[in-house]
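# Coordinates in review
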Amino acid sequence: MTAPAAHARPMKALVSLGLTLSSALSIAMTTLSASPASAGPETSRLTPERVFASPSLSGPAARGVKVSPDGRWVGWLKPEASDQFTLDLWAAPTAGGEGRMVISGAVVEPPGEALDPAEKARRERQRLGALHGVVDYDWTQSGDKVLIPAAGGLYLADVGTGAATRLAEAGALDGKLSDGGRYLGFVRDGALFVRDLASSDGAARQISPSAEGAISYGVAEFVAQEEMGRFDGFWFAPDESRIAYAKVDESQVQIAHRLEIGAEGVRIVDQRYPYAGTANAKVELFIQSLAGGAPVKVDLGPTPDIYVARVAWSRDGATLYVQRQNRAQTEIDLLAVDPSTGASHVLLSEKGQPWVAIDDDFHPLKDGDFLWGSARSGVHQLYLYDRSGALIRQVTFGDAPHAGGGGGAGVHAPGLVGVDEAKGLVYVMASGDTPIERQLYVVSYRDPGPPRALTSGHGWWTAVMPKAANVFVGYYSDPQTPPQTALYDLTGKRLRWIEENALGPDHPFNPYASRYAPPRYGVLKAADGEDLHYMLQTPVGFDPGKRYPVVIEVYGGPGVQTVTRAWQNPRDKLFLEDGFILFALDNRGSSNRSSAFQTAIYGRMGTVEVDDQLVGIDWLRAQPFVDPARIGVSGWSYGGFMTLRMMTDPRTHLRAGASGAPPTDWRLYDTHYTEQYMGDPKANKAGYDASEILPRLKDLQGRLLLMQGLADDNVQVENSIAVMAKLQELATPFDLMLYPGQRHGIQGESRQLHLWRTMQAFFDRELKG
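Reading guide: rules and limits
Residues numbered from 1 in each chain as written. Predicted model: local features only at pLDDT ≥ 70, side-chain atom pairs only at ≥ 80, totals over all residues. Heavy atoms only, no water. Helix = DSSP H or I, 4+ residues; strand = E, 2+ residues; numbered from the N terminus. Rg over C-alpha atoms; globule rule 2.2 N^0.38 Å. Buried < 20%, exposed > 50% of the residue type's maximum accessible area, 1.4 Å probe, protein only. Areas by Shrake-Rupley, 256 points an atom, 1.4 Å probe, with all protein chains shown as cover. Lys, Arg positive; Asp, Glu negative; His and termini not counted. Charge placed at Lys NZ, Arg CZ, Asp CG, Glu CD. Pairing = 2+ DSSP bridges. Axes fitted to C-alpha atoms, helices over the stretch in contact; angles between N-to-C directions. Polar contact = N/O pair within 3.5 Å; in protein donor to acceptor, adjacent residues only side chain to side chain. Contact = heavy atoms within 4.5 Å. Phe/Tyr/Trp six-rings, centres within 6.5 Å; stacked < 30°, edge-to-face > 60°. Lys NZ or Arg CZ within 6 Å of the ring centre and 35° of its normal. Salt bridge = Lys/Arg side-chain N within 4 Å of Asp/Glu carboxyl O. Right-handed = clockwise from strand over helix to strand, strands pointing away. Patch = residues over 30% accessible without salt bridge, like charges linked within 9 Å, V, L, I, M, F, W, Y side chains within 5 Å.

This next bit is on the overall build of the protein. Check the secondary structure of the protein and you find 13 helices and 44 strands. At 25 Å, the protein has a C-alpha radius of gyration in line with the 27 Å of a compact globule built from 769 residues. Seen through its principal axes, the protein has C-alpha atoms that stretch 75 × 60 × 60 Å. Looking at the 769 residues of the protein, the share that counts as buried comes to 64%. When the accessible surface of the protein is summed, it comes to about 26600 Å², and 52% of that surface belongs to carbon and sulfur atoms. Taken as two groups, the 74 positive and 89 negative side-chain charges of the protein have centres that lie 2 Å from each other.

Printed below as a string of structure tokens:
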């Protein structure tokens, strides 16, 4: 399941059930918050109305920063002050000078303009569903123009003048340019088209067959987008000679007859949804010469029930690389494909138990060698292979994972940030000192030694690099520093600010900053001796001689880390204003840790995670400033599942819980995510049965608030309906809040405000009474 932008995804690099309660309240607010010292008489009380209004209390944080291929410009997406969900494209010279808006989001995507259903679904998968305007862009190779996909089609904007030319009409999806900038590719009505921008007529040519029934071309299937972090369905060769594309056949995928209930009415959506243990989409790959001729089918092996995890070209365009994952997710094969014949052979096979995770660490080098990521040592590290698939050497070492995924600050940022082939250096993200902090490191892959940190500070870094690997864009925050973005040289020296976002007199959060003490961080021990990191935030005017109610914010699922030394969500401060202690703990299964830590949940989700959260609960009850009888829990998505598991565990004695969009039977979730962590439902019937929520509801302790979007296409509404029906059958009272037309995250400032007020009234009643 995919995580929101504020934290890393399993990938997930991007994770799909990866919505915390905070991200459900603000799925598009990718800038988070926290603050300095203690309350003073001159500070202002933070209100819900201010938290859920524009501009963002976290300040003008930059999203999607990219350096132009020629190195002259740096571009980024900036939220409008009057509407933090509408993004404009800005750019500035890398050599210095003021940044300026290139194009307003309202120009390419006017307010209220309806999205194509396919584009809307794609943005949901990317966790961009609440955003408008310029939500993505790509530089041309010349560095003077950018390609902008929008609801109104595809636009080419001049960075110097801001003038925009429409290259494709509405309905053109996933537009991207070839490396040389000659060709534009996009998908329309389930078919792949390519436009030769150098041609005088400029007409788009259909490359693939037309879509027919459940068959489409050039798109990524549902689980690839939702769970695997692959959003592309076509790939230009770097020499612009060919294009590879996917054929997706969903005819065997089960149809979910899903209700979408909105204010304007009710409709039934027939969604191809691969429930755990059922048929997946069949994915095939083809290669088409851009000079014409018949397409070449890629040999993906004799077993059709596979996942196409990643696709990439060699640097010279002579080889297509495909990462093929087996259905059990215990093996990833790297295939080398001859694009002229489609013949393939296996370069290497990465095998592991209980699963082998997908990452973005594969990096082909000019000489044919390649970098590869693996957790075979028990911790994710980088390795160097030659062109034949023979291991040359291990590149990174130690107890901390290196590379293997990343993200944050509104960017998809792989843990392998960049490669300088001239010097034989690779740049990676890692948490070398503690899992709750992250830095950018550089290490030689030719002569490996201890990695050298390029960044510093007790906080959380995310970094991206242009292909030239001559500079990097660094995003940094810590509990007292809102997200800052700057351009740095390869020594770590800042070259220019992109968004300084200093917490000064004019910052939106400044009037409230001194009201809150910094979060407290600590470590507890799991039953098996593993370190469990926690974060505790104390209420305004905290008096250690008093006892306070506690709200535990939980996610708890795989591929997500919630406890970091980063700027925390401003919404959390409302709990502190209301007199609550706020507590979070990363249980086993969370990301950025060893394989043993992450795989402890295999086949038994909802067990060891609760055991670890109980360690936190017991610790809280032992603190002199905690009222042991007034502890509640809240969570969304996997956190909603965890809320229900914790409230039905007789050891926790929780007084209240708010559960949002909870998966209640893992047989009702999708194949890739569920089977990775639970195995096949037929082979692990006992594990699936034990993880179900409904049989446990007879043991529910405390009052439950159940919340659900009525158009959720991820954790579908039937999960929550089953809970409602069972509690009514048991004559157990509960609170319920349904959101018409809302999907997996509750979007819009007014609805987010309503959701908070609902929870505030609930916890005030249940934990303060």
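We now examine the sheet that holds strand β11 (residues 183-188). The antiparallel open sheet is built from 4 strands, whose spatial order is β10-β11-β12-β13. Unpaired on one side and paired on the other, β10 (173-177) and β13 (204-206) mark the two borders of the sheet. Across the sheet, the mean angle separating the axes of adjacent strands is 25 degrees when strand polarity is ignored.

Mapped onto the secondary structure, aspartate 712 falls in the loop between β43 (703-709) and α12 (718-729). Aspartate 712 gets classed as buried once you look at its relative accessible area, which sits at 0%. Here histidine 744 takes part through its side chain, which lies 2.8 Å from a polar atom of the side chain of aspartate 712. Beyond its immediate stretch of four places on either side in the chain, aspartate 712 contacts Arg258, Ala661, Val717, Gln742, Arg743 and His744.

It is worth spelling out the packing of aromatic side chains at this point. A complete count under the given rule lists 37 aromatic pairs for this structure. Aromatic pair tyrosine 273 and tyrosine 275: ring centres 4.9 Å apart, planes at 55 degrees, arrangement tilted. Judged by centre distance (4.8 Å) and plane angle (85 degrees), the ring pair of phenylalanine 575 and tryptophan 756 falls under edge-to-face. In this pair, phenylalanine 575 is assigned in helix α6 (residues 572-577) and tryptophan 756 in helix α13 (residues 749-768), connecting sequence segments 181 residues apart. Each member of the pair, phenylalanine 575 as well as tryptophan 756, carries the same accessibility label: buried. Taken together, the ring pairs connect Trp355, Tyr555, Tyr602, Tyr638, Phe641, Trp666, Tyr669, Tyr673 and Tyr677 into an aromatic cluster. Here the basic side chain of lysine 66 rests over the ring of tyrosine 137, its NZ or CZ set 4.7 Å away from the ring centre.

Within the fold, leucine 77 resides in strand β2 (residues 73-80). The exposure class assigned to leucine 77 is buried, which follows from its relative accessible area of 3%. Contact partners of leucine 77, with chain neighbours within four places excluded, come to Ala61, Ala62, Arg63, Leu87, Asp88, Leu89, Val134, Val135, Asp136 and Tyr137.

In this structure the tally under the stated criterion is 47 salt bridges. The salt bridge involving glutamate 284 is made with lysine 297; its shortest N-O contact spans 2.8 Å. Taken together, the positions of glutamate 284 in strand β19 (residues 282-289) and lysine 297 in strand β20 (residues 296-297) put the pair 13 residues apart, joining distant regions of the chain. The partly exposed category is assigned to lysine 297, whose relative accessible area is 46%. Each of Arg258, Glu260, Arg267, Asp713 and Arg743 takes part in one network of salt bridges that share partners.

Moving on, we come to the pairing of strand β39 (residues 548-553). Burial within β39 is extensive, with 6 of its 6 residues counted as buried. Across 5 bridges, β39 lies against strand β41 (residues 626-636) in parallel orientation. Residue tyrosine 548 lies in a different strand from β41, and its bridge partner there is valine 626. Where β39 and strand β40 (residues 581-585) come together, 3 bridges link them in parallel fashion. Counterpart to valine 550 in the pairing with β40 is isoleucine 581. As a crossover connection, the stretch from β39 through α6 into β40 is right-handed.

Here the focus is helix α10 (residues 671-678). Counting buried residues along α10, 8 of its 8 residues qualify, which places the element largely inside the surrounding structure. For α10, the elements touching its buried residues are α5 (222-226), β21 (306-313), β22 (320-326), α9 (638-647) and α11 (685-691). The distance from a side-chain oxygen at the start of α10 to the backbone nitrogen of histidine 672 is 3.4 Å, and the residue carrying that oxygen is aspartate 670. The positive-phi residue at the C-terminal boundary of α10 is glycine 679, with phi of around 80 degrees.

Before going further, it helps to examine α9. With 10 of its 10 residues buried, α9 lies for the most part within the structure. Of the positions making up α9, those classed as buried are Tyr638, Gly639, Gly640, Phe641, Met642, Thr643, Leu644, Arg645, Met646 and Met647.

This part takes up the environment of arginine 195. As for its position among the elements, arginine 195 is in strand β12 (residues 191-196). Here the alpha-carbon distance between arginine 195 and glutamine 716, two residues 521 residues apart in the chain, equals 38 Å. With residues near it in sequence (within four places) discarded, arginine 195 still touches Leu167, Arg182, Tyr183, Leu184, Gly202, Ala203 and Ala204. Side-chain polar atoms of arginine 195 contact the backbone oxygen of leucine 167, separated by 2.7 Å.

The next thing to look at is the pairing of strand β31 (residues 439-444). Most of β31 is tucked away, with 6 of its 6 residues classed as buried. Pairing between strand β30 (residues 425-430) and β31: 6 bridges, direction antiparallel. Along β31, the bridge assignment pairs valine 428 with tyrosine 441. Strand direction decides the pairing type here: β31 and strand β32 (residues 452-453), joined by 2 bridges, are antiparallel. The residue of β32 that forms the bridge with valine 442 is arginine 452.

A few words now on the sheet that holds strand β6 (residues 138-139). Whenever strands of a sheet pair, they do so through backbone hydrogen bonds, lying parallel or antiparallel. Ordered by their spatial adjacency, 4 strands build an open sheet running β6-β7-β8-β9, and the pairing between neighbours is antiparallel. Only two strands of the sheet have a single partner each, and these edge strands are β6 and β9 (164-168). Relative to strand β8 (residues 153-158), strand β7 (residues 145-150) runs antiparallel, the two being bridged by 6 bridges. Of the residues in β8, the one forming a bridge with lysine 145 is aspartate 158.

On the surface, Leu259, Val266 and Ile268 cluster together into a nonpolar patch covering about 300 Å² of accessible area. With respect to the element layout, leucine 259 can be found in strand β17 (residues 255-262).

Along the chain, threonine 94 falls in the loop between β3 (83-93) and β4 (100-103). Among the polar contacts listed, one links the side chain of threonine 94 to the backbone oxygen of glycine 71, at a separation of 2.6 Å. Sequence-distant contacts of threonine 94, that is, excluding residues within four places in its chain, are made with Val67, Gly71, Arg72, Trp73, Val74, Leu487 and Arg496.

Before going further, it helps to examine unusual backbone geometry. Among all residues except glycine, the phi angle is most often negative; among peptide bonds, the trans geometry is most common. Residue proline 55 is reached from serine 54 by a cis peptide bond, and omega for that bond is 0 degrees. As for its placement among the helices and strands, proline 55 is situated in the loop between α2 (48-51) and β1 (63-67). Glutamine 353 connects to proline 354 through a cis peptide bond whose omega is 0 degrees. Tracing the sequence through the fold places proline 354 in the loop between β24 (344-351) and β25 (363-364). With a phi angle near 55 degrees, alanine 469 is a residue other than glycine that sits in the positive phi range. With respect to the helices and strands, alanine 469 occurs in the loop between β33 (460-464) and β34 (472-478). Positive phi, close to 65 degrees, is recorded for serine 637, a residue that is not glycine.

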